[in-house]
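Chain by chain, the residues run as shown.
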There are 2 protein chains.
Amino acid sequence: MMVCFFLEAAVVHGQEPLRSWRDGATKEAIVSFVERIVAVDTPDYVPPDERIAVFDNDGTLWCEQPMYVQMAFVLDRVRSLAAEHPEWNQQQPFQSVLSGDLKGVAATGERGLVEMVMATHAGMTTDEFADVVSRWLAMAKHPVYRRPYTECVYQPMLEMLDYLRSHRFKIFIVSGGGVEFMRPWVQRVYGIPPEQVIGSRVKLKYEVRAGEPVLVRLPELEFIDDKSGKPVGIQQAIGRRPIIAVGNSDGDYEMLQYVTAGKGPRLGVIVHHTDGSREVAYDRGSPFGRLDRALTEASEKGWILVDMERDWNAVFPASR
Amino acid sequence: MMVCFFLEAAVVHGQEPLRSWRDGATKEAIVSFVERIVAVDTPDYVPPDERIAVFDNDGTLWCEQPMYVQMAFVLDRVRSLAAEHPEWNQQQPFQSVLSGDLKGVAATGERGLVEMVMATHAGMTTDEFADVVSRWLAMAKHPVYRRPYTECVYQPMLEMLDYLRSHRFKIFIVSGGGVEFMRPWVQRVYGIPPEQVIGSRVKLKYEVRAGEPVLVRLPELEFIDDKSGKPVGIQQAIGRRPIIAVGNSDGDYEMLQYVTAGKGPRLGVIVHHTDGSREVAYDRGSPFGRLDRALTEASEKGWILVDMERDWNAVFPASR
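Bear in mind that the values here come from a model prediction, so they are computed numbers and not experimental data.

A. Main features of the nonpolar core. Grouped together as the largest cluster of nonpolar side chains are 75 residues, with contacts concentrated most on Phe55, Met157, Leu164 and Tyr190 of chain A. Looking at this core element by element, the count peaks at eight residues for helix 3 (residues 69-81) of chain A. The contacts of Tyr190 of chain A, once residues within four sequence positions are left out, are Asn57, Leu61, Trp62, Val153, Leu158, Leu161, Arg165, Ile173 and Trp185 of chain A. Trp88, Leu161, Tyr190 and Ile244 of chain B belong to the second largest nonpolar core, which has 73 residues in total.

B. Fine view of the pairing of strand 5 (residues 212-223) of chain A. Residue and element names in this part refer to chain A. As paired strands, strand 4 (residues 197-209) and strand 5 are joined by eight bridges and run antiparallel to one another. In the sheet register, Lys205 faces strand 5, and the bridge partner there is Val216. Between strand 4 and strand 5, which pair antiparallel and follow one another directly, the connecting turn spans two residues, one of which, Ala210, has a positive phi of 50°.

C. Highlighting the side chain of Gln257 of chain B. In this structure, Gln257 of chain B sits in helix 12 (residues 253-260). Excluding residues that lie within four positions of it along the chain, Gln257 of chain B makes contacts with Tyr206, Val208 and Pro213 of chain A together with Lys301 and Trp303 of chain B.

D. Local environment of the confidence of the model for chain A. Chain-level statistics for chain A give a pLDDT mean of 92 and a share of 95% at 70 or above. Interface confidence for the predicted complex, given as ipTM, is 0.92, next to a pTM of 0.93.

E. Here's a closer look at the pattern of salt bridges. What the rule picks out here adds up to 46 salt bridges over all chains. The residue Glu195 of chain A makes a salt bridge to Lys170 of chain B at a minimum N-O spacing of 3.0 Å. Of this pair, Glu195 of chain A sits in the loop between helix 10 (186-190) and strand 4 while Lys170 of chain B is found in strand 3 (residues 170-178), placing the two residues in two different chains. The two residues Glu195 of chain A and Lys170 of chain B agree in class, both being buried. Within this structure, Glu50, Lys170 and Arg240 of chain A together with Glu195 of chain B form a network of salt bridges that share partners.

F. Highlighting the packing of helix 2 (residues 25-37) of chain A against helix 8 (residues 155-166) of chain A. Residues and elements named next belong to chain A. Two elements in contact, helix 2 and helix 8, have axes separated by 11 Å at closest approach and are oriented at 15°. In this view, helix 2 runs roughly parallel relative to helix 8, as classed from their interaxial angle. The interaxial crossing formed by helix 2 with helix 8 has right-handed handedness. Every residue of helix 8 that contacts helix 2 at Ile30, Val31, Val34 and Glu35 is listed here: Met160, Tyr163 and Leu164. Split into classes, the residues belonging to the contact of helix 2 with helix 8 amount to six nonpolar, no polar and one charged.

G. Region of interest: helix 8 of chain A. Residue and element names in this part refer to chain A. Look at helix 8: 17 Å from first C-alpha to last across 12 residues, which is about the 16 Å you get at 1.5 Å a residue. Counting buried positions along helix 8 yields 10 of 12 residues, so the element is predominantly enclosed. Along helix 8, the positions that sit buried rather than exposed are Gln155, Pro156, Met157, Leu158, Glu159, Met160, Leu161, Tyr163, Leu164 and Ser166. Arg168 sits one or two residues past helix 8 and shows a positive phi near 65°.

H. Up close: the packing of aromatic side chains. All names here are of chain A. All told, the structure shown has 28 aromatic pairs over all chains when counted by the stated rule. Considering the side-chain rings of Trp21 and Trp312, the 5.8 Å spacing of their centres and the 75° angle between planes classify their relative orientation as edge-to-face. One end of the pair, Trp21, is in the loop between helix 1 (9-13) and helix 2; the other, Trp312, is in the segment after helix 14 (308-311), with 291 residues separating them in the sequence. Side by side, Trp21 and Trp312 carry an identical accessibility label, which is buried. Ring geometry for Trp136 and Tyr149: centres 5.4 Å apart, planes at 15°, overall stacked. Placement of the pair is Trp136 in helix 7 (residues 126-139) and Tyr149 in the loop between helix 7 and helix 8, with a sequence separation of 13 residues.

I. Up close: the sheet that holds strand 5 (residues 212-223) of chain B. Residue and element names in this part refer to chain B. Ordered in space as 5-4-3-2-6-7-8, the seven strands form an open sheet in which the pairing is mixed. The open sheet is flanked by strand 5 and strand 8 (304-307), the only strands paired with a single partner. Strand-to-strand twist across the sheet, computed as the mean angle between neighbouring axes with direction ignored, equals 35°. Looking at chain direction, strand 3 and strand 4 (residues 197-209) are connected through three bridges and run parallel. Bridged to Gly178 within strand 4 is Ser200.

What counts and what doesn't
Residues numbered from 1 in each chain as written. Chains lettered and ligands numbered in written order. Predicted model: local features only at pLDDT ≥ 70, side-chain atom pairs only at ≥ 80, totals over all residues. Heavy atoms only, no water. Core = buried A, V, L, I, M, F, W, Y, C linked by side-chain atoms within 4.5 Å. Buried < 20%, exposed > 50% of the residue type's maximum accessible area, 1.4 Å probe, protein only. Helix = DSSP H or I, 4+ residues; strand = E, 2+ residues; numbered from the N terminus. Contact = heavy atoms within 4.5 Å. Pairing = 2+ DSSP bridges. pLDDT = per-residue confidence, 0-100. Salt bridge = Lys/Arg side-chain N within 4 Å of Asp/Glu carboxyl O. Axes fitted to C-alpha atoms, helices over the stretch in contact; angles between N-to-C directions. Parallel < 35°, antiparallel > 145°, perpendicular 65-115°, else oblique. Left-handed = near helix turned anticlockwise from the far one by under 90°. Nonpolar A, V, L, I, M, F, W, Y, C, P; charged D, E, K, R; others polar. Expected span 1.5 Å × (residues − 1). Phe/Tyr/Trp six-rings, centres within 6.5 Å; stacked < 30°, edge-to-face > 60°.

Written out as C-alpha cells, the structure reads:
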C-alpha cells in the first residue's frame, strides 16, 4: 500500500518551479491553468487520473535544428551501411545522403527519414536497435552546440515537466519520430518512462531465434505519428483525451486541436522558435518543424505562444 | 512533489493479502516470487520502474464461458442492427447469429468476433462506442450467474492485482478482446487505467465532424492482440519486457514464453479452469479459451498452474 503526501513543489525543491521562465503572460498562463484544475471543490477541478499531458518531442523538448536528431542518426547509419547496399546510389533519399546533398535529403521530409530508418534497421531486433541508439547517443555531438544531443533539451521544458508531475500529471511524448528511437533515453533525460512514449513505428514480428524469443523490426512502416496521426496515436495508446497539449509545429496542429476541443479546462501551448542568438529563429519557412497554420490560428484557438527569446531565461541546461 | 511511504499491504488493509487463495504451493510461488524481487541489496532485486506485470483478460480476470463477454455484446448488437443489414442473412458469422446457431458462431472463433465488432460499429466515434459499451454492461447479465458481467470477475485475481500494486507493480491488460471494449470499465472494476490496456483494435480516423474533432472507428481490422500478436502488442505499447505474465489459454502462450524467457527473475502463471461446480471445467477441448499446448508445456517452462478448484477459496466476489 502506497501512502502519499503531496507537498508544494517549491517547498520540497527549495526553489521556485519554472525558474527558467521569465515572469510574464506565458508563465502566468501555464501556472494559472494548473492552479485552476487542481483546486478541489471548484467547477474546473480535474481529478489526478484525468491529468494527462502530451508533449511533442522534436523542437518542443529538444532541438530539431539544423535537422531532426533522428535524421542525423540515420544519416550516420546510411553511411556506415552503404557498402552493403550498392542500390542506394540510385535510390532517394539514400543517393542524396551518400552524395552529401543534405538539401535533397531535407526535401524528402519526415517520411524520407522514416524510410531510411526502416531500410537501415530491417531484420534487427528491438533490443539490438535500442543498443545501436544508445551507443550512437553516447558518442554523437550536436554540430553547433558541441554537446551530446541529450543535453540539447530545453531547460524550461524540463522544468515544465517537473512542474506538471508535481501536480500529479501523467506525461506522454507524442512524436513524429520513431518510438524505439526515443525509448532508450527518455527516462533518464525527461523522467518519462518508455511506456509513455507514442511515436511512429515499423511493423514488428515475434520470432524465436536460436531458442530466444525476440521482436524483429520489419522494413515496413506501420504508423506515422504526425499531423492527424497524433490524435489517432493518442487514442490507441491512452484511450482518453489529454487536457494539455504542447507542440511547436504544424505537425502538432491536429493534436492541439483535438486536445483543446475537449470539454472542461484545456491548455494548448506552442513553442515558437524566436531566439536567433541562443538557438535558431524559424517558423513558416523551415523544412524541419515548419510552423505556419498553427501560428496563424493560435490566437483564435486560444493556444499559448511561447516566445523563446522573450519568455525563457535559459534555453539549454547548464553543462553537466 | 510526491513523498511516498510504502507500508506493508497487510498492515494497511487490516487483512491478509491474497485471502481468497488457499495456502499451498501456488500461493507460495506467487508470494515468494514477489518477496524475492522486492528485497533490496539482493541479486534478484527489481527496481520499481521495471516491475511490470501483464494479465490476459478473458478467462484470466473475468469469466469467458459460455462465451466471451464481448461476443455476447456483439451478438446483441448484430440482432439490434440486423434490420438495416439484409445482406447479413447470407454472410457468416452474421447468418449463424440471426438463425440462433451459436455453435456456428463459436466456430468462427476470435476472428469472427472481431469481424462482427467491426461490422456493427463502422462509422461510430470512439466516444459513441464507449457509451454503447457502458450502457450494455449496465444492463446485461451473465446467462448463468445472473449478475452483471463486471461482477463475474475472479475475486482471487482482484486480490492478486492489489497485492502486486501494493508492491509497486504497474499492471497492463493484454487481451485478444477489443481495447475499446475494455477501457470504459477497467478502472472501476480492476483499478487499471485505460492507458494500461492493450487489445485488438480497428483502424481509427481523425475527423472534424460539425466542428467537433472526433476519432472514427473504421470497418478495418488493424491489429489482433492474440498469440504472437501479444508480444508485439506489449512491445508497441510498453517498450520493455514485463517480469510477470498471467494467462489462461494457448492465446497466451507466446506472451508467457516472451516474458519468462527474459533475463533475471520471471514469473509465468496459467489459470487452469478446473472447477466444474463453482465455474466451468475446461481446457484442451474448449472453443473459448482453449488451453492445450501451454498446459502440456507448463511444467517444463516453469509456469505456475493455478488449479481453480484446489487453490481458490472463492471464485467470484460476494454480491454487491
